[in-house]
Amino acid sequence: MNRRDLSDDDTGPIRRVTDTPSDRSPGTPRSPRRTPPPEGARRPRPPAQRPRQAESGRRRAPEPKPEPPVGHGHSHGHGPAAPASRRVRLLLMWLLIPLAVATVAGMIMLYPWGKDPAKSVFPQGTPVSATVTGTITGPCLAEGQVQVGEPPPDAKPCLTSELTMTDGPGAGKPLKLTLPIEPSTPRFAAGDEVVLSYNGGDVANPASFQIVDFQRGTPLLLLAGLFALAVIVLGRWRGLAALVALGLSFLVLAFFVLPSILAGESPLLVAIAGAGAIMFVALYLTHGLSARTSVAVLGTLVSLVLIGVLSAMFSAAASLTGLDDSTSQLIGSLGHGIDARGLLLAGVVIGALGVLDDVTVTQTSAVWELRRANPSLGWRELYGAGLRIGRDHVGSAVNTLVMAYAGAALPVLLYTSLSGVGLGSILGAEEIAQEIVRTLAGSVGIVAAVPVTTVLAALIASREPQESL
């Protein structure tokens with residue numbers, strides 16, 4: 001007598017989903033066939049009256065055509081996702097449009113309309129191009145002087161450079177300039193292209209000119225072209241958009257941030273408005289107008305606010321004045337006061353913007369790709385997976401920021417270490433303490449950007465319809 005399979009009542013109709021003879025390959029064992037129960041035995045209940053286990057078993061059975069999941073406890077089913085996505089997009093618009101309007105209004109109010117461009121109170125001279133035709137090392141003698149006897153043992157030699165001016169009022173005329181050879185003096189040789197400073201005096205008088213620096217236009221242009229080529233080859237249209245965004249960011253810095261600060265406006269407010277403009281232009285132009293980009297913008301903005309608050313608090317607590325050598329020279333050249341501490345905070349905000357863009361865009365893209373790979377993930381699962389990715393990213397991002405600031409402050413670090421005082425005194429010096437506040441405040445903002453951006457992206461991506469991912 002055939003025994004009835006006792007699992008039939010538990011599995012329900014799954015036992016009846018079997019391969020037909022035409023679908024089975026030779027040698028494949030036939031699925032077990034249910035035999036009718038013996039007479040008088042208990043008959044199984046109809047499918048409609050079976051327990052809940054049978055109902056759940058029926059939903060887990062393979063279907064010829066997949067249907068949307070129903071009643072499994074999540075709210076990201078494909079049916080109601082589109083209205084939720086529209087509500088989310090509307091919410092993002094209500095959040096971001098006022099911020100964009102405030103950014104534009106701030107730029108209009110802070111721009112120095114009608115004011116003359118700031119000029120240095122010290123004469124800087126007119127730049128003139130020249131080419132070195134020859135150099136001679138010898139005693140430091142004025143024009144017409146002759147060395148008699150041996151020079152003193154402690155006398156420093158001078159480098160006499162013969163030049164030909166290639167532009168300016170003395171174009172084509174020869175010139176001879178003498179410079180004392182110091183450890184900080186650049187070494188010029190025949191064939192070098194240099195920049196002279198012309199004070200407006202007699203062109204025939206060598207005292208009217210001074211060697212300022214080398215000409216570097218050609219190698220810089222070649223490097224810029226190589227950079228642009230690499231970005232376009234790898235990123236294609238996206239890379240081209242990134243280059244355009246980079247150019248617009250430079251224009252914001254050159255034609256808004258610098259003139260406004262030099263005109264006496266608050267450096268911190270100018271930096272906030274300029275960073276907001278750069279953020280909107282760079283992110284939307286590079287990554288497109290989408291909910292994904294809007295999340296990155298919001299995450300960047302929240303992190304920038306945190307960086308600004310922390311920098312202001314700890315620069316005041318540490319009594320940082322912002323009056324390092326370069327700032328003191330700037331104030332002396334302007335001839336009027338400037339908010340040195342605000343200039344320090346402005347540098348913190350603008351310096352952290354580039355790294356923040358990288359972190360927020362990466363986190364947002366990671367969450368969207370996770371949702372695209374597995375549309376059944378809820379926002380908690382997306383947040384957890386995205387946060388694990390962010391932990392790996394934040395370590396390298398913080399290290400990048402620290403090394404960037406350390407590299408920029410390397411001469412200051414070397415100079416301060418020569419003082420021979422203890423490490424505590426070195427770290428407490430104005431120039432070093434500024435870099436510490438700048439680095440740590442920016443790093444805290446980068447760390448905070450990971451969970452903030454990830455949770456925003458998870459909440460919004462989980463409500464996006466699958467076809468729009």
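Quick caveat: nothing in here was measured; it's all calculated off a predicted structure. (Residues numbered from 1 in each chain as written. Predicted model: local features only at pLDDT ≥ 70, side-chain atom pairs only at ≥ 80, totals over all residues. Heavy atoms only, no water.)

Colleague: Would you mind showing me how to read the packing of helix α4 (residues 217-262) against helix α5 (residues 267-287) here?
Modeller: The packing of two helices is summarised by the inter-axis angle and the distance between the axes. Two numbers describe how α4 lies on α5: the axes approach to 9 Å, and their chain directions differ by 165 degrees. Considering their axes alone, α4 and α5 lie roughly antiparallel with respect to each other. For the pair α4 and α5, the crossing hand works out as right-handed. Of the residues in the contact of α4 with α5, the class split is 18 nonpolar, five polar and one charged. (Axes fitted to C-alpha atoms, helices over the stretch in contact; angles between N-to-C directions. Helix = DSSP H or I, 4+ residues; strand = E, 2+ residues; numbered from the N terminus. Parallel < 35°, antiparallel > 145°, perpendicular 65-115°, else oblique. Left-handed = near helix turned anticlockwise from the far one by under 90°. Nonpolar A, V, L, I, M, F, W, Y, C, P; charged D, E, K, R; others polar.)

Colleague: Mind showing me how you'd approach helix α7 (residues 325-334) here?
Modeller: An α-helix turns once per 3.6 residues; consequently, residues spaced three or four apart project the same way. Listing the buried residues of α7 in full gives Thr327, Ser333 and Leu334. Burial along α7 is one-sided: seen end-on, the buried residues are contained in an arc of 125 degrees. Facing away from the buried side of α7, by more than 90 degrees, are the exposed residues Asp325 and Gln329. Taken together, the buried residues of α7 touch α4 and α8 (340-373). After α7 finishes, the residue Gly335 shows a positive phi value of roughly 85 degrees. (Buried < 20%, exposed > 50% of the residue type's maximum accessible area, 1.4 Å probe, protein only. Arc of directions from axis to C-beta. Contact = heavy atoms within 4.5 Å.)

Colleague: Help me understand the environment of Asp192, please; the structure alone is not making it clear to me.
Modeller: Note on placement: Asp192 falls in the loop between β3 (174-180) and β4 (193-198). By relative accessible area, which is 21% here, Asp192 ends up partly exposed. When the C-alpha atoms of Asp192 and Thr133 are compared, they prove to be 7.9 Å apart, with 59 residues separating the residues in sequence. Ignoring sequence-local partners within four residues, the contact set of Asp192 consists of Ala130, Thr131, Val132, Arg187 and Phe214. From its side chain, Asp192 meets the backbone nitrogen of Ala189 in a polar contact 2.7 Å long. (Polar contact = N/O pair within 3.5 Å; in protein donor to acceptor, adjacent residues only side chain to side chain.)

Colleague: What exactly am I supposed to notice about the sheet that holds strand β1 (residues 126-138) here?
Modeller: Two modes of strand pairing occur in sheets, parallel and antiparallel, and in both the strands are linked by backbone hydrogen bonds. Here five strands make up an open sheet; going across it, the order is β3-β2-β1-β4-β5 and the pairing antiparallel. Sheet topology places β3 and β5 (209-214) at the edges, where each strand pairs with a single neighbour. Taking each pair of neighbouring strands and ignoring which way they run, the sheet shows an average axis angle of 45 degrees. Alignment of strand β2 (residues 158-165) against β3, held across seven bridges, turns out to be antiparallel. (Pairing = 2+ DSSP bridges.)

Colleague: I tried to follow the confidence of the model for the protein chain on my own but got confused; where do I start?
Modeller: Detailed reading of the predicted coordinates is not advisable wherever pLDDT falls low. Per-residue pLDDT for the protein chain averages 79, and the proportion of residues at 70 or more is 78%. This model gives residues 1-33 a pLDDT under 50, and the stretch forms 25 contacts once residues within four places in sequence are excluded. Here residues 45-84 is modelled with pLDDT under 50, and outside its nearest four sequence neighbours on either side it reaches 27 contacts, counting other chains as well. (pLDDT = per-residue confidence, 0-100.)

Colleague: Please explain the packing of aromatic side chains as it appears in this structure.
Modeller: Given two aromatic rings, their pairing is described by the distance between the two centres and the angle made by the two planes. Considering all chains together, one arrives at four aromatic pairs under this definition. Between Phe188 and Phe214 the ring centres are 4.9 Å apart and the planes differ by 40 degrees, which places this aromatic pair in the tilted class. Taken together, the residues Phe188 in the loop between β3 and β4 and Phe214 in strand β5 connect sequence positions 26 residues apart. Taking the centre distance of 6.3 Å and the plane angle of 15 degrees together, the rings of Phe280 and Tyr284 count as stacked. Taken as a pair, Phe280 and Tyr284 lie in helix α5 at a separation of four residues, close to a single helical turn. Classification of Phe280 by relative accessible area gives buried; the value is 14%. A relative accessible area of 18% places Tyr284 in the buried class. (Phe/Tyr/Trp six-rings, centres within 6.5 Å; stacked < 30°, edge-to-face > 60°.)

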